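Structural features, examined
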Amino acid sequence: MARRLVVALLAPVSWSPPGIDPVDWRTALAEDVVDLLATLQEVETAVAVTPADRWLADAVVWPGTAVHEVSEPTPTAVLAALAASGDARPAPGVVPGHRAGSEAGAGVPTAYDQVAVIAGDAPDVPGLTIGKLLRPLTTRPVAVAPVEGGGPGLLGVAVRLPVPAWLPPLDLDTVLPTAVRAAAPQPGDLAVTPAWRRLRGPADLAGLDPAVEGWEATRALLSGAGRPG
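Figured I'd write up the structure that's included with this text. Bear in mind the structure is a predicted one, so any value in this text is a computation, not a measurement.

**Focus: the nonpolar core**
Among the nonpolar cores identified, the biggest contains 31 residues, and Val78, Val115 and Leu167 are the most heavily contacted of them. Of all the elements in the fold, those that place two or more residues in this core are strand 1 (4-9), strand 2 (44-49), helix 3 (75-84), strand 4 (114-119), strand 5 (142-146) and strand 6 (154-160). Sorting elements by how many residues they give to this core places helix 3 first, with 5 residues.

Written out as structure tokens, the structure is:
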């Protein structure tokens with residue numbers, strides 16, 4: 001069985017609901033994404049942050065979760081960090097940099113076969129959506145999940161290791177599936193999987209379904225109860 005790693009990329013957020021502290025909002029989103037990853041089966045999970053945001057990782061990770069410090073909050077930098085630890089080939093154009101856990105190398109297994117990087121502002125994303133992002137890697141080298149609504153950016157990207165040399169630099173806030181497909185040697189080298197929303201504005205917030213389980217920290221913050229203890 002392929003060894004899979006799913007990384008929550010806890011990048012800065014550009015929007016928070018009126019009346020909610022931006023730091024509390026970002027922390028709640030990150031907590032819900034990390035909690036969701038902890039429920040996934042047959043994958044290992046990790047968190048990636050820049051050194052300036054190490055506080056956020058420390059606030060939301062589960063005991064024993066690997067924390068990767070990256071040069072910038074992009075999937076490209078995450079793949080470079082994994083390459084520096086011996087888990088993946090370096091992504092194009094990025095100088096690797098890596099630290100995991102409270103000690104360098106702590107809790108970081110080696111030799112993953114597949115890696116997925118997921119945005120940290122999708123607190124209600126179903127585990128099934130992440131599973132569908134990984135599934136095409138049995139036959140294709142790269143898969144991307146768009147952001148719901150057709151706007152710029154991605155929910156996540158999954159890569160079969162070693163990283164394909166043709167993979168362009170990726171930023172979850174700006175890249176589109178068409179740009180990734182244009183870089184591929186063959187259009188079929190990229191799978192586009194089902195989209196999901198990221199909470200980047202009022203319209204995304206309106207799409208949250210209170211009947212859906214999960215996203216407890218975000219739900220509590222929106223209700224005025226604050227993050228659960």
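Let's pick the thread back up.
**Side note on helix 4 (residues 127-134)**
Every buried residue belonging to helix 4 is among Thr129, Ile130, Leu133 and Leu134, and all of these are buried. Down the axis, helix 4 shows its buried residues gathered within 140° of arc, on one side only. Elements in contact with the buried residues of helix 4: strand 1, helix 1 (22-38), strand 4, strand 5 and strand 6.

**Comments concerning the packing of aromatic side chains**
This model, assessed by the stated rule, comprises 1 aromatic pair. Their ring planes at 90° and their centres at 6.1 Å tell us that Trp15 and Trp25 sit as a pair that is edge-to-face. Residue Trp15 is found in the loop between strand 1 and helix 1, and its partner Trp25 is found in helix 1; the two are separated by 10 residues along the sequence. Accessibility assignment for this pair places Trp15 and Trp25 in one class, buried. Stacked on the ring of Trp215, the Lys or Arg Arg219 has its end atom at 4.0 Å from the ring centre.

**What to know about the side chain of Arg26**
With respect to the secondary-structure elements, Arg26 resides in helix 1. Relative accessible area serves as the criterion here: at 11%, Arg26 is assigned to the buried category. A polar contact is formed between the side chain of Arg26 and the backbone oxygen of Leu10, at a distance of 3.0 Å. Not counting chain neighbours up to four residues away, the residues in contact with Arg26 comprise Leu10, Ala11, Pro12, Val13, Asp53, Trp55 and Leu56.

**Looking at the packing of helix 1 against helix 7 (residues 216-223)**
The N-to-C vectors of helix 1 and helix 7 enclose an angle of 150°; their axes lie 7 Å apart at closest approach. Classed by the angle they form, the pair helix 1 and helix 7 counts as roughly antiparallel. In contact with Asp24, Trp25, Ala28, Leu29, Glu31 and Asp32 of helix 1, helix 7 contributes Glu216, Ala217, Thr218, Leu221 and Leu222. For the contact of helix 1 with helix 7, a count of residues per class yields 6 nonpolar, 1 polar and 4 charged.

**Let's talk about the environment of Pro152**
By secondary structure assignment, the location of Pro152 is in the loop between strand 5 and strand 6. Take Pro152: its relative accessible area is 48%, and that puts it in the partly exposed class. For the pair Pro152 and Thr174, spaced 22 residues apart in the sequence, the C-alpha separation amounts to 5.1 Å.

**Overview of unusual backbone geometry**
Generally, phi is negative for residues other than glycine and the peptide bonds are trans, each holding for most cases. Of note, the amide linkage connecting Leu161 to Pro162 takes the cis form, showing an omega dihedral of 0°. With respect to the secondary-structure elements, Pro162 resides in the loop between strand 6 and helix 5 (177-183). Despite not being glycine, Glu42 has its phi angle at roughly 65°, a positive value. Inspection of the secondary structure puts Glu42 in the loop between helix 1 and strand 2. Backbone geometry places Trp215, a non-glycine residue, at a positive phi of 40°. By the secondary structure assignment, Trp215 is in the loop between helix 6 (202-206) and helix 7. Using a relative accessible area of 6% as the deciding quantity, one classes Trp215 as buried.

**Details of the sheet that holds strand 2**
Strand order across the open sheet formed by 7 strands is 3-2-1-4-6-5-7, with mixed pairing between neighbours. The open sheet is flanked by strand 3 (66-69) and strand 7 (190-192), the only strands paired with a single partner. Going from strand to strand, the sheet's axes swing by 20° on average, the running direction of each strand aside. Sheet topology places strand 1 next to strand 4; 6 bridges connect them, and they run parallel. Paired with Arg4 across the strands is Gln114, a residue of strand 4.

What counts and how
- Residue numbering note: each chain is counted from 1, following its sequence as written.
- Where local features are concerned, this predicted model is filtered to residues with pLDDT of at least 70; where side-chain atom pairs are given and counted, the filter is 80 or more; whole-chain, interface and lining totals use all residues.
- To get the side-chain values, take all heavy atoms of the structure and skip hydrogens and water.
- Residues belong to one nonpolar core when they are buried, are Ala, Val, Leu, Ile, Met, Phe, Trp, Tyr or Cys, and are joined through side-chain atoms within 4.5 Å.
- Exposure categories follow from relative accessible area, calculated using a 1.4 Å probe and restricted to protein chains: below 20% of the type maximum is buried, above 50% is exposed, and the middle band is partly exposed.
- Numbering of helices and strands runs from the N terminus; a helix is a DSSP stretch of H or I covering at least four residues, while a strand is a stretch of E covering at least two.
- Note that the arc is defined by the directions from the helix axis to the C-beta atoms.
- Contacts between residues were defined by any pair of non-hydrogen atoms, one from each residue, lying within 4.5 Å.
- Here is the rule: rings of Phe, Tyr and Trp (six-membered ring for Trp) pair when centre to centre is within 6.5 Å. Planes less than 30 degrees apart are stacked, more than 60 are edge-to-face, and the remainder are tilted.
- When the NZ atom of lysine or the CZ atom of arginine is within 6 Å of a ring's centre and also within 35 degrees of its normal, the charge is said to sit over that ring.
- In the analysis that follows, any N or O atom pair within 3.5 Å is treated as a polar contact, provided that within protein one partner can donate a hydrogen and the other can accept it, and provided that, for residues neighboring in sequence, both atoms belong to side chains.
- Working convention: axes come from line fits to C-alpha atoms, limited for helices to the stretch in contact. Angles between N-to-C directions cover 0 to 180 degrees.
- For classification purposes, angles smaller than 35 degrees are called roughly parallel, those larger than 145 roughly antiparallel, those between 65 and 115 roughly perpendicular, and all remaining angles oblique.
- Under the grouping applied here, Gly and all other residues not named as nonpolar or charged are polar, the nonpolar ones being Ala, Val, Leu, Ile, Met, Phe, Trp, Tyr, Cys and Pro and the charged ones Asp, Glu, Lys and Arg.
- Note on pairing: DSSP must find at least two bridges between two strands before they are called paired.

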